[in-house]
Every structure is written in structure tokens, then in C-alpha cells.
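Below are the chains, spelled out letter by letter.
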Amino acid sequence: MARVGLTTERLVRAGAELADEVGFDQVTVSALARRFDVKVASLYSHVKNSQDLRTGIALLALEELADRGAAALAGRAGKDALTALANVYRDYAREHPGRYAAAQLKLSPEAAAASAGGRHARMTRAILRGYDLTEPDQTHAVRLLGSVFHGYVSLELGGGFSHSAPDSQETWSRVLDALDALLRNWPAPPTPSV
């Protein structure tokens, strides 16, 4: 295949597709060169190294997730918003397991600042406005939701719930019910002892 048409964006998108097929950990510049039937050296004018490629895939995944999340949240509040955003993460992980794994990549401070990560935090905080939480409880709740969403999805993708009843969809629904109840009845902070 000729090198004509290779761009950073095209390579990142092809890397994201490869991640979904073989797993994010298997994505390298060498693997991508084989996919395009070109020499590895011909890709270095577009990506510096495998870490640069993996960072590009992470940024793409975060952007895709943020776009889906924003669309799902439009016009929703409270439990409807909570469920919509949770389902965006779960559905994306099922459709794009490699990209979902990429979205968990620890980014450099510069890459993180340029990423859609801030959009994710703002969407979660928007949901929490429906529950009337103030700081620092709002930050605690953002961390809780992220932990539950990503923890559940990771365990489910790894087959952690596939060998027992009830069905994982039933559990997912109950988890979201429990999160909604918790957020509506958020505990008061402990009173400092004197």
C-alpha cells in the first residue's frame, strides 16, 4: 500500500480500530505499520512512537465519549441524567473495548489539559446539580460515580458477572437505583469533635 494519504488522524483512527480488535495493550507503531503494509519508519513522520500513538487513541476515545455523553444528557436531570451518562460509558465500552481501555490511560499533564477529560467532569457535575450537592461533597460524588461506572464496566467486560445470576443488566439497573437513592440522601459531613 502506498504511503499517500497517511496522516496522524488516520493513523490514530486505525490504531483505535486495532485496539478494539486486539486490545489496547497490543497497539504499537509496528502493528499499525503491518496494518497499512508499510515500513515502521514511514509512520514516524506522523507519530513519534507507540506512546504517542496510544495517547492519540486515548484523546480520541475521551472525545467520542464526551460527545456521546453530551448528547445523552441533553434535556435530562436527576436519575434520568444519571442513567443516561452511566449507559453511555457502558455502551461505549461494549462497542469499543479497546478505545474504552484507552480512555483510562494516564496522560501527561499537558495531554490531560488538552483532552476532553474536563468535559467528563463537567457532565458529571451537571448531573449532581439535580441532587443539590455542594462542595466538597460534589467532588466526593464525582469520584464515587466514576469509580462505580468504570469499576462495574471493567468487571463486566472481564467476564466477572457472566457466571452467576442475576443477569448483569438487572444488577446494573439496581446499582443505578442505589446511586440515585444515595445521591438524594447524601450523608451530612461528620461533625468535628471538640
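So, a few notes on the structure that sits alongside this text. Predicted model only: the values in this text are computed from it and were never measured. (Residues numbered from 1 in each chain as written. Predicted model: local features only at pLDDT ≥ 70, side-chain atom pairs only at ≥ 80, totals over all residues. Heavy atoms only, no water.)

Time to look at the packing of helix α4 (residues 78–95) against helix α7 (residues 117–129). Where α4 meets α7, the axes come as close as 9 Å, and the angle between the chain directions of the two elements is 150 degrees. Judged by the inter-axis angle, α4 sits roughly antiparallel to α7. Each of Gly78, Ala81, Leu82, Leu85 and Tyr89 in α4 lies in contact with α7, whose residues at this interface are His120, Met123, Thr124 and Ile127. Residue composition of the contact of α4 with α7, grouped by class: six nonpolar, three polar and no charged. (Axes fitted to C-alpha atoms, helices over the stretch in contact; angles between N-to-C directions. Helix = DSSP H or I, 4+ residues; strand = E, 2+ residues; numbered from the N terminus. Parallel < 35°, antiparallel > 145°, perpendicular 65-115°, else oblique. Contact = heavy atoms within 4.5 Å. Nonpolar A, V, L, I, M, F, W, Y, C, P; charged D, E, K, R; others polar.)

Moving on to the side chain of Asp180. Within the secondary structure, Asp180 sits in helix α9 (residues 168–184). One polar contact links Asp180 to Tyr131, side chain to side chain, over a distance of 2.6 Å. Contacts of Asp180, omitting those with residues within four sequence positions, involve Lys79, Leu82 and Tyr131. (Polar contact = N/O pair within 3.5 Å; in protein donor to acceptor, adjacent residues only side chain to side chain.)

Now for the layout of surface pockets. Where empty space is left can be seen by rolling a probe of water-molecule size over the atoms. When its volume is computed, the largest pocket comes out at roughly 460 Å³. Of all the secondary structure elements, the ones that give two or more residues to the lining of the largest pocket are α3 (50–73), α7 and α8 (137–157). Within the lining of the largest pocket, the residues separate by chemical class into eleven nonpolar, nine polar and one charged. (1 Å grid on protein atoms, 1.4 Å probe; cavity = no way out; pocket = protein on both sides within 12 Å on 5 of 7 lines; lining within 4 Å. Points joined across faces, edges and corners; volume = space filled by probe spheres on them.)

Here we come to α9. If you check α9, its first and last C-alpha atoms are 24 Å apart, about what 17 residues at 1.5 Å a residue would give, namely 24 Å. Considered for burial, the residues of α9 that qualify are Ser168, Trp172, Leu176, Leu179, Asp180 and Leu183. All buried residues of α9 lie within an arc of 125 degrees about the axis, which places them on one face of the element. Structural note: α9 exposes Arg174 and Arg184 on the side pointing more than 90 degrees away from its buried face. Where the residues of α9 are buried, they touch α4, α7 and α8. The N-capping residue of α9, defined by a side-chain oxygen 2.9 Å from the backbone nitrogen of Gln169, is Asp167. (Expected span 1.5 Å × (residues − 1). Buried < 20%, exposed > 50% of the residue type's maximum accessible area, 1.4 Å probe, protein only. Arc of directions from axis to C-beta.)

Turning our attention to α7. An α-helix turns once per 3.6 residues; consequently, residues spaced three or four apart project the same way. With 13 residues, α7 ought to run about 18 Å at 1.5 Å a step, and its terminal C-alpha atoms sit 19 Å apart, in line with that. For α7, the secondary structure elements touched by its buried residues are α3, α4, α8 and α9.

Scanning the model with the defined rule gives four aromatic pairs in all. Their ring planes at 35 degrees and their centres at 6.1 Å tell us that Tyr89 and Phe149 sit as a pair that is tilted. Of this pair, Tyr89 sits in helix α4 while Phe149 sits in helix α8, and the two are 60 residues apart along the sequence. Of the two residues, Tyr89 and Phe149, neither departs from the other in class, the shared state being buried. The interplanar angle of 55 degrees and the centroid separation of 6.5 Å between the aromatic rings of Phe149 and Trp172 together place this pair among those described as tilted. Of this pair, Phe149 sits in helix α8 while Trp172 is found in helix α9, placing the two residues 23 residues apart along the sequence. A relative accessible area of 1% places Trp172 in the buried class. Ring pairing ties together the aromatic residues Tyr89, Phe149, Tyr152, Phe161 and Trp172, which thus form one cluster. Seen from the ring of Phe24, Arg54 lies directly overhead, with NZ or CZ sitting 4.1 Å from the centre. (Phe/Tyr/Trp six-rings, centres within 6.5 Å; stacked < 30°, edge-to-face > 60°. Lys NZ or Arg CZ within 6 Å of the ring centre and 35° of its normal.)

The analysis is restricted to geometry; functional conclusions fall outside its scope.
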